[in-house]
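# Notes for the structure review
The residues making up each chain are set out below.
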Amino acid sequence: MIFAANFKMHHTRAGTAEYLKELDTLLAQAEFPFKTLVFPPATALQPSTDWITVGAQNAYPAEQGAYTGEIGLSQLEEFGIDTILIGHSERRNILGESQEFLAEKFAFYQERGFQIVYCVGEPLEVRQQGDEAVAEHLWEQFVGIDLDYERLIVAYEPVWAIGTGRAAKVEEIASTHAELRRRIARPILYGGSVKPTNIREIAAIADVDGVLVGSASLEVRSFFAMMEAVAPPQV
Ligand code: PEP
């Protein structure tokens, strides 16, 4: 099971360092059989810890250059970062990243051997049209993406469930992950209003290999509580 925390534009550099230190200590004590990823804002990037892989929420597909406001490969390498989130709906919809650009970004970081958490998800009006429309929409978001890349992790995040407190229903997650599983052998995460109160039922769904968590990951105790909720009992 993979637990990924997306801080978005939350937490400072100092706050992130404190968070990672506390979480690392908790994970060292717990020894959960989980993979833990944390994506802080760019200003708060730091090397991964013993128990936590630190990843970038975004980076430009270039080593360095004239891309005002962006960071690239050399800025990530300074911290030993080799994990990146690509395709989050906020970058697609608010920052206007096109499928073509996302595919370019993916190819650039794939070539450099990065672990890539690649996000896809449908808006509400597509979900309301049913499973077939959802599948069609999601597969379009994979155009230009190498589904066989060995360091690929896919995150299914229905846009209408992100930050709304309203997670997708178990049947919706199950049918969508089953659809994605037809062509994706890599881990598939669910994201969208995952929290301590619904993690158990979500984690139990077939083909859910982990979760990508926004709001409920911002407090270390809340993120850790989700792991505790699904951890195998100690013997
Ligand atoms: C996200 O932004 O990736 C996310 C899943 O957010 P939230 O958990 O707040 O819905």
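Presented here is a report on the structure given in the accompanying data block.

Conventions used here
The residue count restarts for each chain, going from 1 along the sequence in the order it is written. With pLDDT at 70 or above as the cut-off, local features in this predicted model cover only qualifying residues; side-chain atom pairs require 80 or more to be listed or tallied, and sums for whole chains, interfaces and linings still use all residues. With hydrogens and water excluded, all non-hydrogen atoms of the structure serve as input to the side-chain values. Strands qualify as paired when DSSP identifies two bridges or more between them. Secondary structure is summarised from DSSP: a helix means a run of H or I of at least four residues, a strand means a run of E of at least two, and numbering begins at the N terminus for each. Should any heavy atoms of two residues lie within 4.5 Å, those residues are counted as being in contact. Each axis is a line fitted through C-alpha atoms, taken for helices only over the stretch in contact, and angles between the N-to-C directions span 0 to 180 degrees. The method works on a 1 Å grid over the protein atoms by themselves. A cavity is a set of points holding a 1.4 Å probe that cannot get out, a pocket is an open set with protein on both sides within 12 Å along at least five of seven lines, and residues with an atom within 4 Å of a point line them. Grid points are joined across faces, edges and corners, and a volume is the space filled by probe spheres set on the points. Salt bridges, as used here, are contacts in which a Lys or Arg side-chain nitrogen is within 4 Å of a carboxyl oxygen on Asp or Glu. We call a residue buried when its accessible area falls under 20% of the maximum for its residue type, exposed when it is over 50%, and partly exposed in between, using a 1.4 Å probe and counting protein chains only. Geometric relationships in this document are graded by angle, where less than 35 degrees denotes roughly parallel, more than 145 denotes roughly antiparallel, 65 to 115 denotes roughly perpendicular, and other angles denote oblique. The hand of a helix crossing depends on one turn: near helix anticlockwise from the far one by less than a right angle means left-handed, and clockwise means right-handed. Under the grouping applied here, Gly and all other residues not named as nonpolar or charged are polar, the nonpolar ones being Ala, Val, Leu, Ile, Met, Phe, Trp, Tyr, Cys and Pro and the charged ones Asp, Glu, Lys and Arg. Whether a residue is near a molecule or strand depends on its heavy atoms: it is near if one of them lies within 4 Å of it. Throughout this description, a polar contact denotes any pair of N or O atoms lying within 3.5 Å of each other; where both atoms belong to protein, one of them has to be capable of donating a hydrogen while the other can accept it, and for residues adjacent in sequence the pair is counted only when both atoms sit in side chains. Here the Shrake-Rupley method, with its probe set to 1.4 Å, supplies the accessible areas, and only the displayed protein chains count as covering residues. Only Phe, Tyr and Trp rings are paired, with Trp represented by its six-membered ring, and only when their centres lie within 6.5 Å; those with planes under 30 degrees apart are stacked, over 60 edge-to-face, the remainder tilted. Whether a charge sits over a ring depends on NZ of Lys or CZ of Arg being within 6 Å of the ring centre and within 35 degrees of the ring normal.

### Details of the sheet that holds strand β2 (residues 35-39)
Read across the sheet, 8 strands follow the order β3-β2-β1-β8-β7-β6-β5-β4 without closing on themselves; strand pairing throughout is parallel. Taken across any chain shown, the strands that pair with only one partner, and hence form the sheet edges, are β3 (53-54) and β4 (83-86). The pairing of strand β1 (residues 2-6) with β2 spans 5 bridges and is classified as parallel. Paired with N6 across the two strands is F39, which belongs to β2. The strands touched by helix α1 (residues 13-30) within the sheet are β1, β2 and β3, with β2 carrying the most contacts at an inclination of about 175 degrees. Of the strands in this sheet, β1, β2 and β8 (210-213) touch helix α9 (residues 220-230), which is tilted by about 165 degrees from β1.

### Regarding empty space enclosed by the protein
Within this structure, the stated rule accounts for 1 cavity of 30 Å³ or more. There is about 30 Å³ of room inside the largest cavity. Lining of the largest cavity is provided by L27, F32, F34, T36 and W51.

### Topic: the pattern of salt bridges
Across all of its chains, the model carries 11 salt bridges by this definition. Where K8 meets E90, a salt bridge forms, and the shortest distance between an N and an O atom there is 2.8 Å. Of the two residues, K8 is situated in the loop between β1 and α1 and E90 in helix α3 (residues 89-93); the sequence distance between them amounts to 82 residues. Take E90: its relative accessible area is 25%, and that puts it in the partly exposed class. One salt bridge in this structure joins R112 and E111, with 4.0 Å as the shortest N-O distance. Note on R112: relative accessible area 38%, which makes it partly exposed.

### A look at the packing of α1 against α9
Between α1 and α9, whose axes approach to 10 Å, the crossing angle comes to 25 degrees. In this view, α1 runs roughly parallel relative to α9, as classed from their interaxial angle. The handedness of the crossing between α1 and α9 is right-handed. Listed contacts from α9 to Y19, E22, L23, L26, L27 and A30 of α1 are V220, R221, F223, F224 and M227. Among the residues forming the contact of α1 with α9, the class breakdown is 9 nonpolar, no polar and 2 charged.

### With respect to the environment of D50
With respect to the secondary-structure elements, D50 resides in the loop between β2 and β3. Distance from D50 to E179, taken between C-alpha atoms, is 35 Å for residues 129 residues apart in sequence.

### Some remarks on the site of the ligand
Every one of the 14 residues lining the ligand counts as a neighbour, but K8, E157, G163, S193 and S215 are closest to it. Between an oxygen atom of the ligand and a side-chain N or O atom of E157, the distance comes to 2.7 Å. Within the backbone of S193, one N or O atom sits 2.8 Å away from an oxygen atom of the ligand. Burial of the ligand by the protein chains amounts to 99% of its free accessible area of 290 Å². Its residues assigned to classes, the shell around the ligand comprises 4 nonpolar, 8 polar and 2 charged.

### A word on the packing of aromatic side chains
Centre distance and the angle of the planes are the two values used to describe a pair of aromatic rings. Applying the stated criterion to the full structure yields 14 aromatic pairs. On the basis of an interplanar angle of 75 degrees and a centroid distance of 6.1 Å, the ring pair of F106 and Y149 is categorised as edge-to-face. Here Y149 lies in the loop between α6 (131-140) and β6 (152-156) and F106 lies in helix α4 (residues 99-111), a separation of 43 residues in the sequence. Here the guanidinium or amino end of R112 rests over the ring plane of F108, the centre of that ring lying 3.7 Å away. Sitting above the plane of the W139 ring, R183 keeps its charged end 4.1 Å from the centroid.

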